[in-house]
Amino acid sequence: MAATIRDVARVAGVTPSTVSYALSGKRAISEETRERIQRAIVELDFTPNAGARALALSQTNVLGLFLQFQEDEFAPAMLQYVLPVSTTARNHGFDLLMVTDPDVDAAIRRTTSSAMVDGVVLLDVTYDDPRLEPLRQTRQPAALIGYAKNAEGFDAVDLDFGEAARNALDHLHGLGHREVVLVTPPRHVSERGGSYAWRFSDAAAERAARHGMQLHIVEGESRQPALGQAVTAALDRYPSATALVVHNDATIAALPSLLHERGISVPDDLSVVGMFSAEFGTAFSLPYTSVDTRPELLGEWAVSRLVERIADPEGAEAPQVRLIEPGFVDRGSTRAL
């Protein structure tokens, strides 16, 4: 089989996009890197003209990031996924065009038919996402951040939310906790098809049952004062619970002040496990043990796969759905009973 840009990149120890830039002259490449690419081309008997056909699809060096900011969602949670997409795109020499038009079909047609972008990253993907069908009609490749049942033909990446729930429940069970309250994302997340909500809660319920734990699942909110009232009501309703698991960004951000107002000491009075990224925890000074959502890995993987597909559409691997393993950070907010 003829060598591809991907093969040249592997031998030269660079990314496929770097090989593309060396061939097209669209970006400055160091002499040392250029020489390594040239040696790889000779070694593999790669014909640049064959690769040039693939490069014809990449004329703008711009990626489209499609997302929608919902009024009833917690904006900082969405932004933590935007930054790694932007950073990884920049590292590959691509600019980012953020598209937030609520008329999704029109936005996709406008940006792709006019060749404004070389590829698309779709953020906040829902389980039955209506944006996927119009994306299938475009010549540009797309990568998804989020899990959809109809993701065939796309590279897609998401956190393994089932494993995240199991990590949280296993940790608490190991410390002797037998009654736990879980605060979930708001109801509108599930109603809009945010599968991460039920993937986490279903796995948590299964794990709790396996461990013989009592799990109280409480729907959280995304705005004050409703989110504070939801937490207060849950603590009042289940006073014998010894641990709180929070899978709700707005709630975990407000939790330090909520517990302080009630005079609850963590972990002496209540153990707490959150679900958030390291950057999110730093931004809100959260002192809680957490399952790390790792948005930086999701953004990096999605953009890197997309850039490879843009640089070498014929040689790129088949589309893949990948679930990223969550991290776990013990910040001392849980205690053994």
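This text goes with the structure placed above it.
Heads up: these notes are all about the structure in this document. Just so it is clear, the model here is predicted, and its values are computed rather than measured.

1. Points about the overall build of the protein chain
- A tally of regular secondary structure across the protein chain gives 14 helices and 12 strands.
- Structurally, the protein chain occupies a C-alpha span of about 70 × 40 × 35 Å along its principal axes.
- Counting across all 337 residues of the protein chain, residues that qualify as buried make up 53%.
- Within the protein chain, contacts between residues at least 6 apart in sequence are counted, and of these 71% link residues at least 24 apart.
- Working note: accessible area of the protein chain is about 15,100 Å², and carbon and sulfur atoms make up 50% of it.
- Averaging the positions of the 31 positive and the 45 negative side-chain charges in the protein chain gives two centres separated by 3 Å.

2. Notes on the nonpolar core
- Counting 36 residues, the largest nonpolar core has I37, L123 and I145 as the members making the most contacts within it.
- Broken down by secondary-structure element, the contributors of at least two residues to this core are α1 (5-12), α2 (16-24), α3 (31-44), β1 (62-66), α5 (75-91), β3 (119-123), β4 (142-145) and α14 (295-311).
- Sorting elements by how many residues they give to this core places α14 first, with seven residues.
- Beyond its immediate sequence surroundings of up to four residues, L123 is in contact with L65, F66, L67, M78, Y81, V82, R131 and I145.
- Judged by nonpolar contacts, the second largest core, of 24 residues, contains V181, Y238, I252 and L258.

3. Here's the deal with the sheet that holds strand β12 (residues 327-329)
- Strand order across the open sheet formed by six strands is β7-β6-β8-β9-β10-β12, with mixed pairing between neighbours. Here the strands that pair on one side only, and so sit at the sheet edges, are β7 (214-219) and β12. If you compare each strand with its neighbour and ignore which way they point, the axes differ by 20° on average.
- Examined bridge by bridge, strand β10 (residues 289-292) and β12 share three bridges and lie antiparallel to one another.

4. A word on the pattern of salt bridges
- Scanning the model with the defined rule gives 17 salt bridges in all.
- Two residues, D129 and R131, come together in a salt bridge whose shortest N-O distance is 2.8 Å. For the residue pair D129 and R131, the accessibility class agrees, reading buried in each case.
- Residue R207 is joined to D170 by a salt bridge in which the shortest nitrogen-to-oxygen separation is 2.9 Å. Here R207, found in helix α10 (residues 195-211), pairs with D170, found in helix α8 (residues 161-174); they are 37 residues apart in sequence, far enough to count as distant.
- The exposure class of R207 is buried, given its relative accessible area of 17%.

5. Considering the packing of helix α11 (residues 226-237) against helix α12 (residues 249-262)
- Where α11 contacts α12, the axes come no closer than 10 Å and their chain directions differ by 60°. Considered as vectors, α11 and α12 are oriented oblique to each other. Taken as a pair, α11 and α12 cross one another with a handedness that is right-handed. Residues L227, G228, V231, T232, L235 and D236 of α11 touch α12, and the partners they reach there are A250, T251, A254, L255, L258, L259 and R262.
- Here the residues of the contact of α11 with α12 sort into eight nonpolar, three polar and two charged.

6. Overview of α3
- A rise of 1.5 Å per residue sets the reference length of α3, with its 14 residues, at 20 Å; its end C-alpha atoms lie 20 Å apart and thus fit the reference within 8%.
- Within the span of α3, buried status applies to T33, I37, A40 and I41. Along the axis of α3, the buried residues cluster in a sector spanning 100°; they form a single face. For α3, the exposed residues lying more than 90 degrees away from the buried face are E31, R39, V42 and E43.
- Positioned one or two residues after α3, D45 has a phi angle of 55°, which is positive.

What counts, and at which threshold
- Residues numbered from 1 in each chain as written.
- Predicted model: local features only at pLDDT ≥ 70, side-chain atom pairs only at ≥ 80, totals over all residues.
- Heavy atoms only, no water.
- Helix = DSSP H or I, 4+ residues; strand = E, 2+ residues; numbered from the N terminus.
- Buried < 20%, exposed > 50% of the residue type's maximum accessible area, 1.4 Å probe, protein only.
- Contact = heavy atoms within 4.5 Å.
- Areas by Shrake-Rupley, 256 points an atom, 1.4 Å probe, with all protein chains shown as cover.
- Lys, Arg positive; Asp, Glu negative; His and termini not counted.
- Charge placed at Lys NZ, Arg CZ, Asp CG, Glu CD.
- Core = buried A, V, L, I, M, F, W, Y, C linked by side-chain atoms within 4.5 Å.
- Pairing = 2+ DSSP bridges.
- Axes fitted to C-alpha atoms, helices over the stretch in contact; angles between N-to-C directions.
- Salt bridge = Lys/Arg side-chain N within 4 Å of Asp/Glu carboxyl O.
- Parallel < 35°, antiparallel > 145°, perpendicular 65-115°, else oblique.
- Left-handed = near helix turned anticlockwise from the far one by under 90°.
- Nonpolar A, V, L, I, M, F, W, Y, C, P; charged D, E, K, R; others polar.
- Expected span 1.5 Å × (residues − 1).
- Arc of directions from axis to C-beta.

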